[in-house]
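Examining the three-dimensional arrangement
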Amino acid sequence: MANQSFAIDGPGSLLAVLASQSGLSRGGSSTGGSGNGNGGGISASDVSAYFKLVFLGLIICVSLAGNLLVSLLVLRDRALHKAPYFFLLDLCLADAVRSAACFPFVLVSVHNSSAWTYSALSCKVVAFMAVLFCFHAAFMLFCVAVTRYLAIAHHRFYAKRMTIWTCAAIICMVWTLAIAMAFPPVFDVGTYKFIQDEDQCIFEHRYLKTNDTLGFMLMLAVVILATHGFYAKLLLFEYRHRKMKPVQLVPAISQNWTFHGPGATGQAAANWIAGFGRGPMPPTLLGIRQNLHNQHRRLLGMEEVRSERRLGRMFYTVTLLFLVLWAPYIVACFWRVFVISYTIPHRYLSITVWMSFAQAGVNPIFCLLLNEDLRKVLRAHLPTYWRTKQHLPQDEAYCIM
């Protein structure tokens, strides 16, 4: 095609030049067949990449802001220095690190048309971290389910044994198990690699006779099912104990003003020794309650029951969200393992992958919505101007504005 020159005298001439160039490009693509078949417009892949970038960028921002906010609230307030919030702190920090360390590489790969532009070693490192955080969340949610059951069904044991050192030991155990599950594929050639359909470096799920993918997937499925099994057991326990008999005061038996029996407190023995009573020594020791103060301290009151139930609902919501957002991707992985010639639709696979990414950002949102203690601490740490504005009448607030 011969070179053409255009004279631009104003905005009208500029629009005419752009229109002519667009017409030439459409003509060249339709006649010569050298175009992309879209008539010079935006392709569907460009639109998909744009939405992926926007969605993942939103996930990164929400995840970092929400998880770091919840972590700061737990660290700053001493009232939240308890076992459930230590586990929540570990989950939030892990999701924040996952969002900051793994998701930016996915952004770069999507921006480069689903291509990995770094070294193979860096791909293995990113894939190792992605699998590590997945198994860490699964194991931690399982431990939280066990402790929630102990807090309701065996509260005395829970109050005595669940100290800060026990929480630290559980967290270390969870990270050790997660590393043990994610580290062996590093030495297997071709196991951790970049999957173009998923836009990420991840475990390559192949047919069960090709590698040991089935063992990893079964372990993850068993942990998830066991977690929900403990919550089901907790629900059955609360259902069986929903109607408990009220406490009945048993009266003490009097023999010449020396009270004994189940309702006695031990004062009768002191009265008899002091000479206020006559007759044989009453069996006062049957009614004495040893360490009454410590016993009541370990009993579960109504307010504590409500608090433990609220924490249980919050953690079960987090566990259910983990199942809902990861289950479609796990189903796709099992399909690859058991079917040789798998044909998973690209759109379904993309949706499942991005649902697993969203799991890192939804946890802090639901924790703040379902936990009243976190909201109280958040309101307490808001700036003074904002708290004053919330307590002012509506007319005065408008005057300030």
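Up top is the structure.
The structure displayed is predicted, hence computed values, not measured ones.

Before going further, it helps to examine the pattern of salt bridges. A full pass over the atoms with the stated rule returns six salt bridges. The partner of lysine 193 in a salt bridge is glutamate 204, and the shortest N-O contact between them spans 3.8 Å. One end of the pair, lysine 193, is in strand β1 (residues 192-195); the other, glutamate 204, is in the loop between β2 (200-203) and α8 (213-240), with eleven residues separating them in the sequence. Take lysine 193: its relative accessible area is 35%, and that puts it in the partly exposed class. When its relative accessible area of 16% is taken as the criterion, glutamate 204 is described as buried. With its nearest N and O atoms 3.9 Å apart, the salt bridge here joins arginine 309 to glutamate 238.

Aromatic ring pairs are reported here in terms of the distance separating the ring centres and the angle at which the planes meet. Evaluation of the coordinates by the stated rule reveals 19 aromatic pairs. Centre to centre, the rings of tryptophan 354 and phenylalanine 357 are 5.2 Å apart; their planes meet at 85°, and the pair counts as edge-to-face. Taken together, the residues tryptophan 354 and phenylalanine 357, both in helix α12 (residues 346-370) and three residues apart, mark about one turn of the helix. Like tryptophan 354, the residue phenylalanine 357 is buried in the burial classification. Among the aromatic side chains, those forming a connected cluster through ring pairs are Phe55, Phe103, Trp354 and Phe357.

Per the counting criterion, the structure on display carries one disulfide. Free cysteine cysteine 367: the closest other cysteine sulfur is in cysteine 92, separated by 5.7 Å. Cysteine 367 sits in the buried class, given a relative accessible area of 0%.

With that settled, consider the environment of isoleucine 195. One can find isoleucine 195 in strand β1. Judged by relative accessible area, which is 13%, isoleucine 195 ranks as buried. Distance in space between the C-alpha atoms of isoleucine 195 and serine 114 is 8.8 Å, their sequence separation being 81 residues. Ignoring sequence-local partners within four residues, the contact set of isoleucine 195 consists of Gln200, Ile202, Glu204 and Arg336.

Once that is clear, we can look at the environment of phenylalanine 55. Note on placement: phenylalanine 55 falls in helix α2 (residues 44-76). Remark: the alpha-carbon pair of phenylalanine 55 and alanine 358, spanning 303 residues in sequence, is separated by 9.0 Å. Here phenylalanine 55 is in contact with Trp354 and Ala358, once residues within four sequence places are set aside.

Excluding glycine, residues mostly carry a negative phi; peptide bonds, for their part, are mostly trans. The phi torsion at serine 114 lies on the positive side, around 60°, for a residue other than glycine. Residue serine 114 is classed as partly exposed on the basis of its relative accessible area of 21%. Its identity is not glycine, yet aspartate 199 carries a phi of approximately 60°, on the positive side. Here aspartate 199 shows up in the loop between β1 and β2. Of the residues examined, aspartate 199 reaches a relative accessible area of 1% and is grouped as buried.

Cut-offs and rules
- Residues numbered from 1 in each chain as written.
- Predicted model: local features only at pLDDT ≥ 70, side-chain atom pairs only at ≥ 80, totals over all residues.
- Heavy atoms only, no water.
- Salt bridge = Lys/Arg side-chain N within 4 Å of Asp/Glu carboxyl O.
- Helix = DSSP H or I, 4+ residues; strand = E, 2+ residues; numbered from the N terminus.
- Buried < 20%, exposed > 50% of the residue type's maximum accessible area, 1.4 Å probe, protein only.
- Phe/Tyr/Trp six-rings, centres within 6.5 Å; stacked < 30°, edge-to-face > 60°.
- Disulfide = S-S within 2.5 Å.
- Contact = heavy atoms within 4.5 Å.

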